[in-house]
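Structural features, examined
Here is how the chains run, residue by residue.
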Amino acid sequence: MASNSQLFDRAQRIIPGGVNSPVRAFRQVGGIPRFIDRGEGPYMVDVEGHRYIDYIGSWGPMIAGHAHPEVIAAVQRAATRSLSFGAPTVDEVEMAEAINALMPAVEMVRLVSSGTEACMSALRLARGFTGRDAIVKFEGCYHGHADSLLVKAGSGLLTFGNPSSAGVPADVAKDTLVLEYNNIAQVEALFAERGSSIACVIVEPIAGNMNFVRGDPVWHQRVSELCTQHGALLIWDEVMTGFRVALGGAQQVYGMRPDLVVMGKVIGGGMPLAAFGGRADVMQCLSPLGAVYQAGTLSGNPVAVAAGMTQIRLIRQEGFHSRLAASTRALMQGFEQAAARHGVTLRTDCEGGMFGFYFSETLPRSYPDVARADLEAFKRFFHAMLDRGVYLAPSMFEAGFVSAAHDDAVIAATLEAADAAFASLARA
Ligand SMILES: *Cc1c(COP(=O)(O)O)cnc(C)c1O
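Report on the accompanying structure. Nothing here was measured: the structure is a model prediction, and the numbers come from that model.

Right, let's get into the overall build of the protein. Tallying secondary structure elements over the protein gives 14 helices and 18 strands in all. The buried share of the protein, taken over its 428 residues, is 54%. With the model as given, the accessible surface of the protein reaches about 17,700 Å², and the carbon-plus-sulfur share is 51%. Charged side chains in the protein number 35 positive and 42 negative. The centres of these two groups are separated by 2 Å.

Below is the structure:
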């Protein structure tokens, strides 16, 4: 078979950057992306036959490990009954009921095919329900790549946003306000100024797209109060945290009940499946009941639902998340101890099966904090780990993911690699 570097050359000639999603390209860390041949439990194997302990897990979905036999069997069974109908199925109803059982805030739900689509639809719904145009997001949170969400802060706090991507009309971006994560004063000032024009606030309750940044419970509470007070909807984007930081997602961790919830990643088990849901009175504004249009040829695809439902059954088993959280904590404590042994400055945090580590003195609270960490140290550590068979996210701005297949032996092997990697950093 061709090598990673031969494949990367070939891919770059025909696919922009050689990849179908930017962070796969290793641009922040340099080097050649690995072309993956297969996954087995906690491992990925590349086309050259190198085996890696995988801490990306397809960026979150693979919480039961790669190629879980029950998930694969369910997909095979579903596939033999045809791949798609464009008509309702029993399994979709079952999945909607399962989501509602795990996340009580989700009184009604609609299935879609990607997190981007789910976020875009939730925004349109919030705007349709409130009859308002402005939306609020936080710097460093990612909600997929719909136009309204590819926006960075304007020049001052109370100015509307600017596009963060070429191709996003300024006219669209002007309705998106961008504030600093965990900053209470900014949200208060914004609502005082323009509360009556805000349709919704969308937030990652624990941010996983700027490394791992925990939302402060007091800040979350204040944002929620302000939304209620001003008639804006609170949307929690749990595409990453849902079913991962706890069985009931971040809503369970914080004991909060947002108006709308966006889900993805884990609920598809590795297939293209996502969802948005929440208050019944809001969800009933969707077509065909209401005036907010939303649709999808492959929405609720039977093969994707079969994979997702099977994985949901696995994670609902007694003790699944407590074991996952224990492995993740052991991994992060091991990183801190190994770094300390070699005099490397490192902090870590985690919740459930999601983690972050930072080459800095303190835990980050916002995007500027994350950006201040030592990027050079991160790059060297990333490659030192990859060379030792551990595949971490190739960017300092991404969270890490542990699966149930990462048993004690796999965590121990990772920590052995980490010890050597931190030692090599200390020598450099
Ligand atoms: C991954 C992610 C999305 C986008 O989901 P896609 O399926 O990649 O479109 C949206 N929000 C959050 C929080 C995510 O982590």
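After that view of the structure, there is still more to cover.
Strand order in the open sheet formed by 7 strands is β4-β14-β13-β12-β9-β5-β8, and the pairing between neighbours is mixed. Lying at the two open borders of the sheet, with one neighbouring strand each, are β4 (108-112) and β8 (176-179). Taken pair by pair, the neighbouring strands of this sheet meet at an average axis angle of 20°, ignoring direction. In the sheet, strand β9 (residues 198-203) pairs with strand β12 (residues 233-237) via 4 bridges, with the strands oriented parallel. Considered in β12, the bridge of C200 is made with L233. Sitting on the sheet, helix α6 (residues 184-194) is in contact with β5 (134-138), β8 and β9, with an inclination near 150° to β8.

Attention shifts here to the sheet that holds strand β15 (residues 347-351). Overall, antiparallel pairing links the 3 strands, which are arranged β15-β16-β18 in an open sheet. Unpaired on one side and paired on the other, β15 and β18 (400-401) mark the two borders of the sheet. Looking at chain direction, β15 and strand β16 (residues 354-358) are connected through 5 bridges and run antiparallel. What sits directly across from T348, in β16, is F357. Together, β15 and β16 form the strand contacts of helix α11 (residues 320-341), whose direction differs from that of β15 by roughly 180°.

For the rest of this paragraph, the subject is the pattern of salt bridges. Tallied over the full model, the rule gives 15 salt bridges. Salt-bridge contacts for E94 lead to R313; the nearest nitrogen and oxygen are separated by 3.4 Å. Of the two residues, E94 is situated in helix α3 (residues 90-102) and R313 in helix α10 (residues 302-315); the sequence distance between them amounts to 219 residues. In this structure E94 comes out as partly exposed when scored by relative accessible area, which is 34%. Salt-bridge contacts for R279 lead to D259; the nearest nitrogen and oxygen are separated by 3.0 Å.

Every residue close to the ligand is listed here: S114, G115, T116, Y142, H143, G144, E204, N209, D237, V239, M240 and K265. The separation between a nitrogen atom of the ligand and a polar main-chain atom of Y142 is 3.1 Å. Within the complex, 83% of the 380 Å² of free accessible area of the ligand lies under protein. Partitioned by chemical class, the residues of the shell around the ligand number 3 nonpolar, 6 polar and 3 charged.

Once that is clear, we can look at the packing of helix α13 (residues 375-387) against helix α14 (residues 408-427). When two helices pack together, their arrangement is given by the angle between the helix axes and the distance between those axes. The contact between α13 and α14 brings their axes to 9 Å, and the two run at 135°. Between α13 and α14, the angle is such that the two are oblique. Like other packed secondary-structure pairs, α13 and α14 cross with a definite hand, here right-handed. The residues of α14 that touch α13, namely those facing A377, R380, F381, A384 and M385, are T414, A417, A418, A421, F422, S424 and L425. A class-by-class count of the residues in the contact of α13 with α14 yields 9 nonpolar, 2 polar and 1 charged.

How each quantity is defined
- Numbers given to residues run from 1 along each chain, matching the order in which its sequence is written.
- pLDDT decides what is reported in this predicted model: residues at 70 or higher carry local features, side-chain atom pairs at 80 or more are listed and counted, and totals for whole chains, interfaces and linings draw on all residues regardless.
- With hydrogens and water stripped out, all remaining heavy atoms of the structure feed into the side-chain values.
- A run of DSSP states H or I qualifies as a helix once it reaches four residues; a run of E qualifies as a strand once it reaches two. Both are numbered from the N-terminal end.
- Exposure is judged per residue with a 1.4 Å probe applied to protein chains only, and the accessible area is read against the type maximum: over 50% gives exposed, under 20% gives buried, and values in between give partly exposed.
- In this description, accessible areas are obtained by the Shrake-Rupley approach with a 1.4 Å probe, and a residue is regarded as covered only by the protein chains that are shown.
- When charges are counted, Lys and Arg contribute as positive and Asp and Glu as negative, whereas His and the chain ends are disregarded.
- All charge positions are set by atom: Lys at NZ, Arg at CZ, Asp at CG, Glu at CD.
- In this scheme, strands are said to pair when DSSP sees at least two bridges between them.
- Here an axis means a line fitted to C-alpha atoms, over the contact stretch when the element is a helix, while the angle between two N-to-C directions is reported on a 0 to 180 degree scale.
- Any two residues having at least one pair of non-hydrogen atoms within 4.5 Å are treated as being in contact.
- One side-chain nitrogen of Lys or Arg within 4 Å of one carboxyl oxygen of Asp or Glu is enough to make a salt bridge.
- Residue proximity to a molecule or strand is established when one non-hydrogen atom of the residue lies within 4 Å of it.
- For this analysis, a polar contact is any N or O atom pair within 3.5 Å, provided that within protein one partner can donate a hydrogen and the other can accept it, and provided that sequence-adjacent residues contribute only side-chain to side-chain pairs.
- Only Asp, Glu, Lys and Arg are considered charged, only Ala, Val, Leu, Ile, Met, Phe, Trp, Tyr, Cys and Pro nonpolar, and every remaining residue, Gly among them, polar.
- The scheme is simple: roughly parallel for angles under 35 degrees, roughly antiparallel for over 145, roughly perpendicular for 65 to 115, oblique for anything else.
- Crossings are assigned a handedness: left-handed for a near helix turned anticlockwise from the far helix by less than a right angle, right-handed for a clockwise turn.

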